[in-house]
Amino acid sequence: MNPLSDALTAARHRVRPLLPARADFAAMARAPRRDLLAGLTVAVVALPLALGFGVSSGLGAEAGLATAVVAGALAALFGGSNLQVSGPTGAMTVVLVPIVARYGPGGVLTVGLMAGLVLIALALARAGRAMRYIPAPVVEGFTLGIACVIFLQQVPNALGVPEPEGERVLAVAWRAVEAFAGTPHWTAAALAAGVACAMLLGARRWPTVPFSVVAVAAATAAAQVFHLDAAPIGDLPAGLPAPSLDFLDPSALGSLLAPALAVAALAALESLLSATVADGMTVGQRHDPDRELFGQGIANLAAPLFGGVPATAAIARTAVNVRTGASSRLAALTHAAVLAVIVFAAAPLVSMIPLAALAGVLLATAIRMVEVGSLRAMAKATRSDAVVLVLTAVATLVLDLVYAVIIGLVVAGGLALRAVARQARLDEVDLRAELPGEHGEEEHALLAEHIVAYRVDGPLFFAAAHRFLLELSEVADVRVVILRMSRVTTVDATGALVLKDAVERLNRRGIVVMTSGIRPDQRRALASVGALDLLRTGGRDYPTTPEAIAGARAHLRGTGILPSPSRAPARVEPPRRTRTP
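Residues numbered from 1 in each chain as written. Predicted model: local features only at pLDDT ≥ 70, side-chain atom pairs only at ≥ 80, totals over all residues. Heavy atoms only, no water.

A few points about the overall build of the protein chain
On a plain count of helices and strands, the protein chain comes out with 26 helices and 8 strands. Per-residue burial over the protein chain gives 49% buried out of 581 residues. Within the protein chain, counting contacts between residues at least 6 apart in sequence, those at least 24 apart form 84% of the total. Taken as a whole, the protein chain presents about 27300 Å² of accessible surface, with 62% of it coming from carbon and sulfur. (Helix = DSSP H or I, 4+ residues; strand = E, 2+ residues; numbered from the N terminus. Buried < 20%, exposed > 50% of the residue type's maximum accessible area, 1.4 Å probe, protein only. Contact = heavy atoms within 4.5 Å. Areas by Shrake-Rupley, 256 points an atom, 1.4 Å probe, with all protein chains shown as cover.)

Here we look at the pattern of salt bridges
A complete count under the given rule lists 5 salt bridges for this structure. One salt bridge connects Asp24 with Arg329, and the closest N-O pair in it is separated by 3.6 Å. Of this pair, Asp24 sits in helix α2 (residues 22-28) while Arg329 sits in the loop between α14 (315-323) and α15 (330-345), and the two are 305 residues apart along the sequence. A salt bridge links Arg523 to Asp541; the shortest N-O distance between them is 2.7 Å. Here Arg523 is found in helix α24 (residues 520-528), whereas its partner Asp541 is found in strand β8 (residues 541-542), with 18 residues between them in sequence. Each of Asp24, Arg291 and Arg329 takes part in one network of salt bridges that share partners. (Salt bridge = Lys/Arg side-chain N within 4 Å of Asp/Glu carboxyl O.)

A few points about the packing of aromatic side chains
In this structure the tally under the stated criterion is 3 aromatic pairs. For the pair Phe78 and Phe294, a centre-to-centre distance of 6.4 Å together with 65° between the ring planes defines the contact as edge-to-face. Taken together, the residues span a long stretch of sequence, with Phe78 in helix α4 (residues 61-78) and Phe294 in helix α13 (residues 289-302) at a distance of 216 residues. A residue is classified by how much of its surface remains accessible, and Phe294, at 8% relative accessible area, is buried. (Phe/Tyr/Trp six-rings, centres within 6.5 Å; stacked < 30°, edge-to-face > 60°.)

Here we look at the packing of helix α7 (residues 136-153) against helix α18 (residues 372-381)
Relative orientation of the contacting elements α7 and α18 amounts to 135°, with a least axis distance of 11 Å. When the axis of α7 is compared with that of α18, the two are oblique. The two elements α7 and α18 cross, and the hand of that crossing is left-handed. Across from Ala136, Pro137, Glu140 and Leu144 in α7, the residues of α18 making contact are Ser374, Leu375 and Met378. (Axes fitted to C-alpha atoms, helices over the stretch in contact; angles between N-to-C directions. Parallel < 35°, antiparallel > 145°, perpendicular 65-115°, else oblique. Left-handed = near helix turned anticlockwise from the far one by under 90°.)

Overview of the side chain of Ser351
Structurally, Ser351 is set in the loop between α16 (347-350) and α17 (355-369). Among the residues examined, Ser351 registers a relative accessible area of 11% and is labelled buried.

Here's the deal with helix α6 (residues 105-124)
Think of an α-helix as turning once every 3.6 residues; residues three or four places apart then point the same way. Its 20 residues give α6 an end-to-end C-alpha distance of 29 Å, which sits within 8% of 28 Å, the value for a rise of 1.5 Å per residue. In terms of burial, α6 is a largely internal element, 14 of the 20 residues being buried. Just past α6, the residue Arg126 takes up positive phi, approximately 60°. (Expected span 1.5 Å × (residues − 1).)

Comments concerning the nonpolar core
In terms of nonpolar packing, the biggest core is built from 87 residues, with Leu51, Val195, Ile233 and Ile353 touching the most fellow members. Ignoring any residue separated from it by four or fewer positions in sequence, one finds Ile353 in contact with Leu51, Val216, Thr220, Ala231, Pro232, Ile233 and Leu358. If you look at the next biggest cluster of nonpolar residues, it comprises 29 residues, including Phe468, Leu483, Val498 and Val513. (Core = buried A, V, L, I, M, F, W, Y, C linked by side-chain atoms within 4.5 Å.)

Focus on the layout of surface pockets
Of the voids in this model, the largest pocket is the one considered here, and its volume is about 1600 Å³. Ile315, Ala316, Ala319, Arg323 and Arg368 are, among the 47 residues lining the largest pocket, the residues nearest its centre. Counting residues per element, the lining of the largest pocket draws most heavily on α7, which supplies 7 residues. When the residues that make up the lining of the largest pocket are grouped by side-chain class, the tally is 30 nonpolar, 10 polar and 7 charged. (1 Å grid on protein atoms, 1.4 Å probe; cavity = no way out; pocket = protein on both sides within 12 Å on 5 of 7 lines; lining within 4 Å. Points joined across faces, edges and corners; volume = space filled by probe spheres on them. Nonpolar A, V, L, I, M, F, W, Y, C, P; charged D, E, K, R; others polar.)

Looking at the confidence of the model for the protein chain
Per-residue pLDDT for the protein chain has a mean of 81; in total, 88% of the residues score no lower than 70. For residues 567-581, every residue scores under 50 in pLDDT, and the model assigns this stretch 22 contacts once sequence neighbours within four places are set aside. (pLDDT = per-residue confidence, 0-100.)

Description of the environment of Val108
Relative to the elements of secondary structure, Val108 occurs in helix α6. Residue Val108 is classed as buried on the basis of its relative accessible area of 1%. C-alpha separation for the pair Val108 and Ser57, spaced 51 residues apart in sequence, amounts to 9.8 Å. Ignoring any residue separated from it by four or fewer positions in sequence, one finds Val108 in contact with Leu59, Ile99, Val100, Pro304, Gly308, Val309 and Pro310.

Considering unusual backbone geometry
The backbone of Arg126 sits at a positive phi, close to 60°, despite the residue not being glycine. Its location among the elements puts Arg126 in the loop between α6 and α7. Arg126 sits in the partly exposed class, given a relative accessible area of 31%.

Topic: a nonpolar patch on the surface
Together, Leu170, Val390, Val394, Val398, Leu399, Tyr403, Ile406 and Val410 line one region of the surface with nonpolar side chains, adding up to about 710 Å² of accessible area. Looking at the nonpolar patch, the elements that each hand over two or more residues are α19 (383-398) and α20 (401-423). (Patch = residues over 30% accessible without salt bridge, like charges linked within 9 Å, V, L, I, M, F, W, Y side chains within 5 Å.)

Quick look at the environment of Ser516
Along the chain, Ser516 turns up in strand β7 (residues 512-516). The spatial distance from the C-alpha of Ser516 to the C-alpha of Thr544 is 5.0 Å, given a sequence separation of 28 residues. In contact with Ser516, other than residues within four places in its own chain, are Leu483, Arg484, Met485, Ser486, Tyr542, Pro543, Thr544, Thr545 and Ala548.

Topic: the pairing of strand β4 (residues 451-460)
Taking burial as the measure, the 10 residues of β4 include 9 buried ones, the bulk of the element. Inspection of the sheet shows strand β3 (residues 425-429) paired to β4 by 5 bridges, in the antiparallel sense. The residue of β4 that forms the bridge with Asp427 is Arg455. Of the strand pairs in this sheet, β4 and strand β5 (residues 480-484) are connected by 5 bridges, and their pairing is parallel. Bridge pairing links Val452 to Val481 in β5. Direction of pairing for β4 relative to strand β6 (residues 488-491): parallel, over a ladder of 2 bridges. (Pairing = 2+ DSSP bridges.)

Re the packing of helix α5 (residues 90-103) against α7
Running from N to C, α5 and α7 cross one another at 65°; their axes reach a closest spacing of 9 Å. Between α5 and α7, the angle is such that the two are roughly perpendicular. Pair α5 / α7 crosses with left-handed handedness. Counting all contacts with α5, which are made through Gly90, Ala91, Thr93, Val94 and Val97, the residues of α7 involved are Ile146, Val149, Ile150 and Gln153. Of the residues contributing to the contact of α5 with α7, the split by class is 6 nonpolar, 3 polar and no charged.

Section: the environment of Thr67
Note that Thr67 resides in helix α4. When the C-alpha positions of Thr67 and Thr89 are compared, they lie 9.9 Å apart, and in sequence the two are 22 residues distant. Not counting residues up to four positions away in its chain, the partners in contact with Thr67 are Gly72, Gly87, Pro88, Gly308, Val309 and Ala311.

Written as structure tokens, this is what we have:
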């Protein structure tokens, strides 16, 4: 066998499911008119968002358009959802602002390429399904925090003041308010407020009308007709820029690794969440999470080469795509094509849009990201869910997205472990109904005095092990302890060590420990630390509880505490029970 040939064959089998299939192209021909109309509608909605997020990132409106065109087309073609629409998003802008401020456009290019490679590696490793384990309170808190950051980022443009220096959005927004209070710029504030109100109020009355475009067009016309003092976007190139390889110096790659991982994690999280939302809005549509990661990786490799920013799937644009009747990838490809035509044919018109109008679009977008009903339901579910939600949102606002998600996951995991650990119980059970054979009252009394049985319920793992050890160590002065373990759900190394420690402590006090019902899948953990050998040495590991009780009776007869069956039962003074500290 040729190792190289085998490796290539294995790689081909791993990559092939991630590439576009014939069925994808066949689906595009089923309802082309409906998909073309949906793509046109999404493009109209996406245009002001692409411009606004490009400006917010610090690279300009042209960067947002380039991202929507290049990343939107490639993610639609290679992604794992038939209905997903990708492009620049507010969450990604939050990550990019400090990168642009510190490293400039070259830093964004390098981060985008590194993030694309990470996403492709995750796809090849089949890591897409792991994203489903992120708790809902973390996602809700993350979304709430991002909405707050996006809102605060728009304050300088909405108030018509130069953007103050700084990386913390709270501080920057506060300085912008102070600057506005010193020299008010009411024209910009009125344009931003008018666009935001038109979007929020109009969408309630006529949800099918793209009020973002209508409001921006009206604000642009008003600025031109009445010669309003409102800063425009500025000159846009007529077309996409030529591919550029303006990388940073390789010595800076190490410092950009953390931002690249943050961009990749955000792209994966938001894209898979958006694809899940799209599945829930349709019947019969199911996305491939690994292929979706692959498509986002390809898109993020290409978009920065054309002056774009790292991209991800956009939940709002995807929802519009689904609601307008999209059924295949043709709709998302049409959206990218329409935006490309706008870039080439309408750049002079787009360049006249006031920055304050785009700020109004993003202010309304941030407000609409907050699902008050969902937040209220999550906060009322349990106290733990409320804590995780609030903590994740605050961390997103005052720290950054990566730390926020990590903090949310750690806290959620800790609270979940505490809840699971509380399910572990050690209950004393009555053996009289289960004693095999015929017994007189005196023998019943002897057995009750000398044998105690405990039923262990739930997981025996590190979070519950300490409490288990304390409770078992307080067993009174009996001769035999039977642990009924058939209801133990899981045993880890810590739990196995604690069980071994408890057995050894009881043995040193002269108490024999017997077990029943240990499952085959739990024996490995017990055997690895020697707990199973400790039980097997004296033949104290039994398949069932009746067998363990019979073994306990045999042990008591062997020590003379119980009479032999051949002898008449003698009256034995039962030992006095005491509690050990």
